[in-house]
Amino acid sequence: MGSVFRPAANFWASLTLLMLALAAVAFSLVVWLWPHSDYARRVNSAPAQPVPFSHQHHVSGLGIDCRYCHASVEVSSNAGMPPTYACMTCHSQIWTDAALLAPVRDSLKDDRPLVWRRIADVPDYVYFDHSIHIAKGVGCSSCHGDVASMALTYKAMSLTMQFCLDCHRNPGPRLRPKDKIYNTRWTRDATTPAPELLLAEYGVPQRNLTDCSICHR
Amino acid sequence: MPQVKAQWRSLEELAQDSQFLLRVEQEFPGLAAALSAPRDRRETLTLMAAALALAGAGLEGCDGAPEGHLIPAVRQPPGIVPGMSDYYSNAHVEGGYAAGTVVKHFMGRPIKVEGNPFHPASLGATSPIAQAELLNFYDPRRSWGVTRAKLPRSRAALEQALAEQRAQLAATGGAGFAILTGASTSPTLAAQLEALRKAYSQIRWLHWEPIGRENVKKGLESV
């Protein structure tokens, strides 16, 4: 009577076991890493909006200041969004019957707000405040990317905890002079004052900005 | 007018939601047994408060990016800055006497009642009842329009119902009809009630305060 298993069976058995082990490791890695991937965090994707609003046209093209539309960014935790009325100050004069703008006109006519899909978002258990960042020399593009060149607004940064901490550990090199806050194409160059000078100028304290209670209150 | 939804759920209410319990059961096997054991409900809830809070209130938030909406105003109301709280002055009536208050609100939602320092009856202070007024703002049973048998009715329906009532009052002279109010110091209301009493002599006006000033008055008299 021959044996039930041929010698090669040993090899296949160990290979199968190895594969299973590898699959288990790969699976855990995917489960572990997936939520932090750019894809899961919708980085670089522009959600469909009720109106295909273009920052490129309005900011770079027409030269409208961020604060005309995001009026509370310097004083409040919330940047603020333009009321329909602000769009209509221009669009009752230009592009008055463009089909694209029908939702804006209807909004004013029916007194129903426009509903934009959020792009930058942190969970409710994270405390975030725009005003302190603007006051301390952090520009819009550090967290939102080059918005002024976006034909459709997309998320440029992951806004994970890691992202916030990367700057909070050492904010100096990312601070910019006051007049560059709203320039979303700004990068550090030879004319930029040294990080230490900016830290001193803005009076960023030497306290620990990575304490959990800074962001989780 | 839209029906106002209840603004919050207590842990007790949550604990009666079958779907929620199913999720908790998956997370904490054995909870059902503990809940059905002959122990009083309050004690179980006390024991389970942390687990309920964890399972119900989240930690689901840690995966992926959150999603939401931005809803700007159609016309920006003056003086409202998104993300900032603001104040308005109000009055709190207790036992018929009004005291000035200042209500802190967050984009229209009241979050704190404090006394109005410029009002002589308050001078910046409030009673505990005025503080608790905040809960009233969010009471699901707070009146939100004309209703009858809990269903919304139009103003015309209200006027019709009042007209019918008036005809009935005229027939009976107000017998069997009573108006129930809290304590009031309003001369206007007093004059209106007096006019009603003149027109329908049998009408009765009853007033009652759950926490009245009778004892204060008695105390002062016996000093």
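Bear in mind the structure is a predicted one, so any value in this text is a computation, not a measurement.

**Here's the deal with the overall build of chain A**
Logical step 1: Of regular secondary structure, chain A possesses ten helices and one strand.
Logical step 2: Listed by position from the N terminus, the elements making up chain A come as α-α-α-α-α-β-α-α-α-α-α.
Logical step 3: For chain A, the C-alpha radius of gyration of 25 Å lies well beyond 17 Å, the compact-globule estimate for 217 residues.
Logical step 4: C-alpha extents for chain A along the principal axes are approximately 95 × 50 × 35 Å.
Logical step 5: In chain A, the proportion of contacts linking residues at least 24 apart, taken out of those at least 6 apart, comes to 64%.

**So, the packing of helix 4 (residues 84-91) of chain A against helix 5 (residues 102-110) of chain A**
Residues and elements named next belong to chain A.
Logical step 1: The interhelical angle for the contact between helix 4 and helix 5, taken along N-to-C directions, is 115°, at an axis separation of 10 Å. Along this stretch, helix 4 crosses helix 5, giving a crossing that reads as left-handed. Note on element contacts: helix 5 touches helix 4 through Val104, Arg105, Ser107 and Leu108, opposite Thr84, Tyr85, Cys87 and Met88.
Logical step 2: Grouping the constituent residues of the contact of helix 4 with helix 5 by class yields five nonpolar, two polar and one charged.

**Brief notes about the nonpolar core**
Logical step 1: Ranked by size, the top nonpolar core spans eight residues in total: A:Val51, A:Met88, A:Ala98, A:Leu101, A:Val104, A:Leu114, A:Trp116 and B:Leu70.
Logical step 2: In this structure A:Leu101 touches A:Val51, A:His91 and A:Trp95, once residues within four positions along its chain are discounted.
Logical step 3: Grouped together as the second largest cluster of nonpolar side chains are seven residues, A:Val73, A:Ala79, A:Ile181 and A:Tyr182 included.

**Focus on the state of the cysteines**
All names here are of chain A.
Logical step 1: Applying the stated criterion to the full structure yields zero disulfides over all chains.
Logical step 2: Summary of cysteine pairing: Cys140 is not part of a disulfide, and the nearest cysteine sulfur, belonging to Cys66, is at 4.6 Å.
Logical step 3: A residue is classified by how much of its surface remains accessible, and Cys140, at 17% relative accessible area, is buried.
Logical step 4: There is no disulfide at Cys212, and the cysteine sulfur nearest it, in Cys215, is 9.0 Å away.
Logical step 5: Judged by relative accessible area, which is 59%, Cys212 ranks as exposed.

**Examining the interface of chain A and chain B**
Logical step 1: The partner chain B presents 20 residues to the 30 residues of chain A that form the contact.
Logical step 2: Between chain A and chain B we count zero salt bridges in total.
Logical step 3: Where chain A touches chain B, the interface holds six residue pairs in polar contact (both at pLDDT 80 or more).
Logical step 4: In terms of residue class, the side of chain A that touches chain B is built from 15 nonpolar, seven polar and eight charged.
Logical step 5: Looking at chain direction, strand 1 (residues 116-117) of chain A and strand 1 (residues 69-70) of chain B are connected through two bridges and run antiparallel. Bridged to A:Trp116 within strand 1 of chain B is B:Leu70.

**Notes on unusual backbone geometry**
A negative phi holds for most residues other than glycine; trans holds for most peptide bonds.
Logical step 1: Phi is positive for A:Asp111, close to 55°, though the residue is something other than glycine.
Logical step 2: Overall, the relative accessible area of 56% leaves A:Asp111 in the exposed class.
Logical step 3: At B:Leu123, a position not held by glycine, the phi torsion is positive, near 50°.
Logical step 4: Judged by relative accessible area, which is 64%, B:Leu123 ranks as exposed.

**What about the environment of B:Gly212?**
All names here are of chain B.
Logical step 1: Take Gly212: it is sitting in the loop between strand 8 (204-207) and helix 8 (214-222).
Logical step 2: Exposure remark for Gly212: the relative accessible area of 28% places this residue in the partly exposed category.
Logical step 3: For the pair Gly212 and Ser122, spaced 90 residues apart in the sequence, the C-alpha separation amounts to 19 Å.

**Some words on the domain arrangement of chain B**
Logical step 1: Here the domain parsing of chain B yields domain 1 (11-56), domain 2 (85-138) and domain 3 (147-207).
Logical step 2: The gap between the C-alpha centroids of domain 2 of chain B and domain 3 of chain B is 30 Å.

**Topic: the pattern of salt bridges**
Any two side chains of opposite charge can pair, so long as their charged atoms come close to each other.
All names here are of chain A.
Logical step 1: If you walk through the whole model with that rule in mind, you get ten salt bridges over all chains.
Logical step 2: The salt bridge involving Arg118 is made with Asp121; its shortest N-O contact spans 3.9 Å.
Logical step 3: Sharing partners across several salt bridges, the network here consists of Asp65, Arg67 and Glu74.

**With respect to the pairing of strand 4 (residues 109-115) of chain B**
All names here are of chain B.
Logical step 1: Of the strand pairs in this sheet, strand 3 (residues 97-106) and strand 4 are connected by six bridges, and their pairing is antiparallel. From the neighbouring strand, Phe106 faces strand 4, where its bridge partner is Arg109.
Logical step 2: Between strand 3 and strand 4, which pair antiparallel and follow one another directly, the connecting turn spans two residues, one of which, Met107, has a positive phi of 45°.

**Concerning the sheet that holds strand 2 (residues 85-94) of chain B**
Working definition: the strands of a sheet are paired by backbone hydrogen bonds and lie parallel or antiparallel to each other.
All names here are of chain B.
Logical step 1: Judged by pairing direction, the sheet is antiparallel, and its three strands sit side by side in the order 2-3-4 without closing on themselves. The strands lining the two open edges of the sheet, one partner per strand, are strand 2 and strand 4. Geometrically, the sheet is characterised by an average inter-axis angle of 35° between neighbouring strands, direction not taken into account.
Logical step 2: As paired elements, strand 2 and strand 3 share ten bridges and run antiparallel to each other. By the bridge assignment, Val93 is partnered in strand 3 with Ala98.
Logical step 3: Strand contacts of helix 5 (residues 128-137): strand 2 and strand 4, with the helix running at about 170° to strand 4, the strand carrying the most contacts.

Cut-offs used in this document
- Residues numbered from 1 in each chain as written.
- Chains lettered and ligands numbered in written order.
- Predicted model: local features only at pLDDT ≥ 70, side-chain atom pairs only at ≥ 80, totals over all residues.
- Heavy atoms only, no water.
- Helix = DSSP H or I, 4+ residues; strand = E, 2+ residues; numbered from the N terminus.
- Rg over C-alpha atoms; globule rule 2.2 N^0.38 Å.
- Contact = heavy atoms within 4.5 Å.
- Axes fitted to C-alpha atoms, helices over the stretch in contact; angles between N-to-C directions.
- Left-handed = near helix turned anticlockwise from the far one by under 90°.
- Nonpolar A, V, L, I, M, F, W, Y, C, P; charged D, E, K, R; others polar.
- Core = buried A, V, L, I, M, F, W, Y, C linked by side-chain atoms within 4.5 Å.
- Buried < 20%, exposed > 50% of the residue type's maximum accessible area, 1.4 Å probe, protein only.
- Disulfide = S-S within 2.5 Å.
- Salt bridge = Lys/Arg side-chain N within 4 Å of Asp/Glu carboxyl O.
- Polar contact = N/O pair within 3.5 Å; in protein donor to acceptor, adjacent residues only side chain to side chain.
- Pairing = 2+ DSSP bridges.
- Domains from an automatic or database assignment.

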